[in-house]
Amino acid sequence: MFSDDEMDEALRSVERHYAGERDSEPPTQLASYLDWSPDKGTDRLGMNNYIALQQRGLRALALSPVLGATAARLARTSEVRLFNSTLVYKPPHVEGDEAKVGWHVDRAYWQTSTSENMLTAWVAFHDCDEEMGTITMLDGSHRWPSDPMVDELRTGRTFVCNDVDALERRLESLGMPIEKVPVSVRRGQVSFHHCKTFHGSGTNRSDRPRISMTVHMQDEHNRYREAYDDEGELFVYRNDTVCGKLPNGEPDYRDPDICPVIWREQDAVPAGV
């Protein structure tokens, strides 16, 4: 999907970011764990949220029309907008759960979105296979029927998990078919997954860091909705505090500064993608 030159430029942006250089500041103050740099330690996952809004080279990938057009085909929508983006650093030879991604569904973090058809694109900045702890899907899990146990796990925010093995045992207890599919990609390739697909990743057993970017995308019809947790507290996603407001005071998930259009059918060149 992306050329070597595009990936080289993106990787230069990654290196600039880790060196403390920014093209723009993030739209909100980020918690320390979402604004990682190597001087904070390489013994765990490092994450940088809203990365496409901070680095021009990574914004070029995240807002690539071919990325948006592919997502539009998969989601069967006429418009794809950015929702968020995160740079992820996975250190080599760190065995603990701190360097793994727990089984989770992206939808768990997007409960204020009306759409259940959102997608994530996963872009690795180098060839990535199972040895490097590549992203791994539970095949077909976005189609698992709803029941209390499934729904409880689907709403768990378990990207960061202190006991990945226990979480896996809970998934196995559901009685659903568990087929793990490690996604091996070549540099420049992209993996897409549905917002209700369980996915995670294991230890990086290679000799170099695994560096990747997730691009979260919303379809044409996605809007804000109020959502509440089990204790009745209003669920707040980061976009809710940084997006512009609609006349009724709700966050505008069409805010062109935070959620720009990646691809729109009416703007596509007929001879294009």
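First, a word on scope: everything that follows refers to the structure included in this document. (Residues numbered from 1 in each chain as written. Predicted model: local features only at pLDDT ≥ 70, side-chain atom pairs only at ≥ 80, totals over all residues. Heavy atoms only, no water.)

### Looking at the overall build of the protein chain
At step 1: Each helix and strand counted, the protein chain has 6 helices and 10 strands in total.
At step 2: For the protein chain, the C-alpha radius of gyration of 18 Å lies close to 19 Å, the compact-globule estimate for 273 residues.
At step 3: Overall, the C-alpha framework of the protein chain stretches about 45 × 45 × 40 Å when taken along its three principal axes.
At step 4: A total of 273 residues make up the protein chain; the buried ones form 51% of that total.
At step 5: Counting 31 positive and 46 negative side-chain charges, the protein chain places the averaged centre of each group 2 Å from the other. (Helix = DSSP H or I, 4+ residues; strand = E, 2+ residues; numbered from the N terminus. Rg over C-alpha atoms; globule rule 2.2 N^0.38 Å. Buried < 20%, exposed > 50% of the residue type's maximum accessible area, 1.4 Å probe, protein only. Lys, Arg positive; Asp, Glu negative; His and termini not counted. Charge placed at Lys NZ, Arg CZ, Asp CG, Glu CD.)

### Some details on the pattern of salt bridges
At step 1: Summed over the entire model, instances satisfying the criterion amount to 19 salt bridges.
At step 2: Arg-16 is paired through a salt bridge with Glu-21; the nearest N and O atoms lie 3.0 Å apart.
At step 3: Given a relative accessible area of 26%, Arg-16 falls into the partly exposed group.
At step 4: On the basis of relative accessible area, Glu-21 is assigned to the partly exposed category, the value being 39%.
At step 5: Its salt-bridge partner being Lys-180, residue Glu-168 comes within 2.5 Å of it at the nearest N-O pair. Of the two residues, Glu-168 is situated in helix H5 (residues 164-172) and Lys-180 in strand S6 (residues 180-182); the sequence distance between them amounts to 12 residues. (Salt bridge = Lys/Arg side-chain N within 4 Å of Asp/Glu carboxyl O.)

### Quick look at the side chain of Arg-154
At step 1: By the secondary structure assignment, Arg-154 is in helix H4 (residues 148-154).
At step 2: Despite its burial, Arg-154 pairs with no opposite charge, the nearest such side chain being Asp-151 at 4.2 Å.
At step 3: A distance of 2.8 Å separates a polar side-chain atom of Arg-154 from the backbone oxygen of Trp-144.
At step 4: Setting aside residues up to four positions removed in sequence, Arg-154 forms contacts with Val-105, Ala-108, Ser-141, His-142, Arg-143, Trp-144, Pro-145, Ser-146, Lys-196 and Phe-198. (Polar contact = N/O pair within 3.5 Å; in protein donor to acceptor, adjacent residues only side chain to side chain. Contact = heavy atoms within 4.5 Å.)

### Concerning helix H1 (residues 4-18)
At step 1: Compared with an ideal rise of 1.5 Å per residue, which puts 15 residues at 21 Å, H1 spans 21 Å between its outermost C-alpha atoms and is within 8% of the ideal.
At step 2: Within H1, the full set of buried residues consists of Met-7, Ala-10, Ser-13, Val-14, His-17 and Tyr-18. Angularly, the buried residues of H1 cover 135° about the axis, an arc narrow enough to put them on a single face. More than 90 degrees from the buried face of H1, the exposed residues found are Asp-5 and Glu-15.
At step 3: If you follow the buried residues of H1, they end up packed against strand S1 (46-49), helix H2 (56-62), strand S2 (79-90), strand S4 (119-124) and strand S9 (210-219).
At step 4: Gly-20, located one to two residues past H1, shows a positive phi value of around 95°. (Expected span 1.5 Å × (residues − 1). Arc of directions from axis to C-beta.)

### Here we look at the packing of aromatic side chains
At step 1: Across all of its chains, the model carries 8 aromatic pairs by this definition.
At step 2: On the numbers, 5.7 Å between centres and 75° between planes, the contact of Phe-83 with Trp-110 is edge-to-face. Here the residue Phe-83 occupies a position in strand S2, and Trp-110 occupies one in the loop between strand S3 (101-104) and S4, the gap between them amounting to 27 residues. Summarising the burial analysis for this pair, Phe-83 and Trp-110 share the class buried.
At step 3: Residues Phe-83 and Tyr-237 carry aromatic rings whose centres are separated by 5.2 Å and whose planes lie at 5° to one another, so their mutual orientation is stacked. One end of the pair, Phe-83, is in strand S2; the other, Tyr-237, is in the loop between S9 and helix H6 (238-242), with 154 residues separating them in the sequence.
At step 4: Judged by relative accessible area, Phe-83 falls into the buried class, the value being 0%.
At step 5: Here the aromatic cluster, defined as three or more aromatic residues joined through ring pairs, consists of Phe-83, Trp-110, Tyr-224, Tyr-237 and Tyr-253. (Phe/Tyr/Trp six-rings, centres within 6.5 Å; stacked < 30°, edge-to-face > 60°.)

### A word on the nonpolar core
At step 1: Counting 54 residues, the largest nonpolar core has Leu-61, Phe-125, Val-215 and Met-217 as the members making the most contacts within it.
At step 2: Among the secondary structure elements, those contributing two or more residues to this core are H1, H2, helix H3 (65-75), S2, S4, S9 and strand S10 (261-264).
At step 3: The element best represented in this core is S2, accounting for 6 residues.
At step 4: Not counting residues up to four positions away in its chain, the partners in contact with Met-217 are Leu-67, Ala-71, Val-80, Arg-81, Phe-83, Met-118, Leu-119, Thr-120, Ala-121, Phe-192 and Ile-262.
At step 5: Residues Ala-108, Leu-167, Met-176 and Phe-198 belong to the second largest nonpolar core, which totals 14 residues. (Core = buried A, V, L, I, M, F, W, Y, C linked by side-chain atoms within 4.5 Å.)

### Considerations on the side chain of Ser-64
At step 1: Residue placement: Ser-64 occurs in the loop between H2 and H3.
At step 2: Under the relative-accessibility criterion, Ser-64 is labelled buried at 9%.

### A word on the pairing of S2
At step 1: For S2, the tally of buried residues reaches 12 of 12 residues, placing the bulk of the element in the interior.
At step 2: With 4 bridges connecting them, S1 and S2 associate as antiparallel partners. Each bridged residue has a counterpart across the sheet, and for Gly-46 the counterpart in S2 is Tyr-89. (Pairing = 2+ DSSP bridges.)

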